[in-house]
Amino acid sequence: QSDMAREWGVSTTVISRVFSGKYANAEGQVLSPPIKMLSRIREQRKLQIEITHRRKDRVMTPTVDAIWKLCHKIAGRSFTDGKSVPGQKRLMGFLFGDSHLGKTEALRWYREKFNHGRTMYIDLQDCNGVQEIYKEFGRALGISPNTPSAKLKERIIRAIDSETLILCDEFHHITYAYRKNSSKLMVNALKSIKDRTRCAMLLCGTHVAREELDD
């Protein structure tokens, strides 16, 4: 909050009240965030987009294009501008491929370009249990991973809606867990988040994940 207050030119008290829904007038009517704060956020977002567009190490290859189209399809978004299309279903999909094909970079790039606050990227490679998965989701959503487990799960569920696309990368790390029961619990945890929020979800991994799922 201190960093945000400094960047956005307001006090930490204002930051706290805005994010807790308590930024209100004397009559208790909730107000829009301060104009200065919104203006600074827009400037930062514009700069981030410009920096992303100036990057020279990213090339729209056929592989990246195919991955983006899959993301659009799963999220029910337009292939032209990435915006949600009314009436389209939010699906769970799978993306399998050999290592070092650029899957991760394509997903991260998609998250930056079509974020709109609605695209999340989750790295599953360090997850060896359900609690680690919830902590990764918490970090992506700006929720403290130290939040008690039961509260953390419910806060995650409340923070995601049907317009959200969740990109779960390194999926093979949880399907290839040492204890097979752990793998099933972790896969079910992801399915539970998708079912309860009705979001779109893409599970990305190597062919090992496909073989493990088939097994």
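Up top is the structure.
None of the values given here were measured: they were computed from a predicted structure. (Residues numbered from 1 in each chain as written. Predicted model: local features only at pLDDT ≥ 70, side-chain atom pairs only at ≥ 80, totals over all residues. Heavy atoms only, no water.)

Looking now at the nonpolar core. If you look at the biggest cluster of nonpolar residues, it comprises 25 residues, and the most contacted ones within it are Leu124, Phe137, Ile166, Cys168 and Leu190. Broken down by secondary-structure element, the contributors of at least two residues to this core are strand E2 (119-123), helix H6 (130-141), helix H7 (149-159), strand E3 (165-169), helix H9 (180-197) and strand E4 (200-205). Contact partners of phenylalanine 137, with chain neighbours within four places excluded, come to Met120, Ile122, Ile156, Ile160, Ile166, Cys168, Leu190 and Ile193. Counting residues in each nonpolar core, the second largest holds 18 residues, with Tyr110, Phe114, Leu167 and Leu202 among its members. (Core = buried A, V, L, I, M, F, W, Y, C linked by side-chain atoms within 4.5 Å. Buried < 20%, exposed > 50% of the residue type's maximum accessible area, 1.4 Å probe, protein only. Helix = DSSP H or I, 4+ residues; strand = E, 2+ residues; numbered from the N terminus. Contact = heavy atoms within 4.5 Å.)

The subject of this paragraph is the pattern of salt bridges. In a structure, side chains of opposite charge can pair up when their charged atoms sit close to one another. By the definition in use, this model includes seven salt bridges. Between lysine 69 and aspartate 65 there is a salt bridge; the shortest N-O distance is 3.3 Å. You can see lysine 69 and its partner aspartate 65 sitting in helix H4 (residues 62-75), four residues apart, about one turn around the helix. Its relative accessible area of 31% is what places aspartate 65 among the partly exposed residues. Glutamate 163 serves as the salt-bridge partner of arginine 90, at 2.9 Å between the closest nitrogen and oxygen. Of the two residues, arginine 90 is situated in the loop between H4 and strand E1 (92-96) and glutamate 163 in the loop between H7 and E3; the sequence distance between them amounts to 73 residues. (Salt bridge = Lys/Arg side-chain N within 4 Å of Asp/Glu carboxyl O.)

Turning to the packing of aromatic side chains, a few remarks are in order. Counting across every chain of the model gives six aromatic pairs. With a centroid separation of 4.8 Å and an interplanar angle of 40°, the aromatic rings of tyrosine 110 and phenylalanine 114 are classed as tilted. Taken as a pair, tyrosine 110 and phenylalanine 114 share a single burial class, namely buried. Site record: aromatic cluster; members linked through ring pairs are Trp68, Trp109, Tyr110 and Phe114. Above the plane of the ring of phenylalanine 114 lies lysine 113, whose end atom (NZ or CZ) is 5.9 Å from the centre. (Phe/Tyr/Trp six-rings, centres within 6.5 Å; stacked < 30°, edge-to-face > 60°. Lys NZ or Arg CZ within 6 Å of the ring centre and 35° of its normal.)

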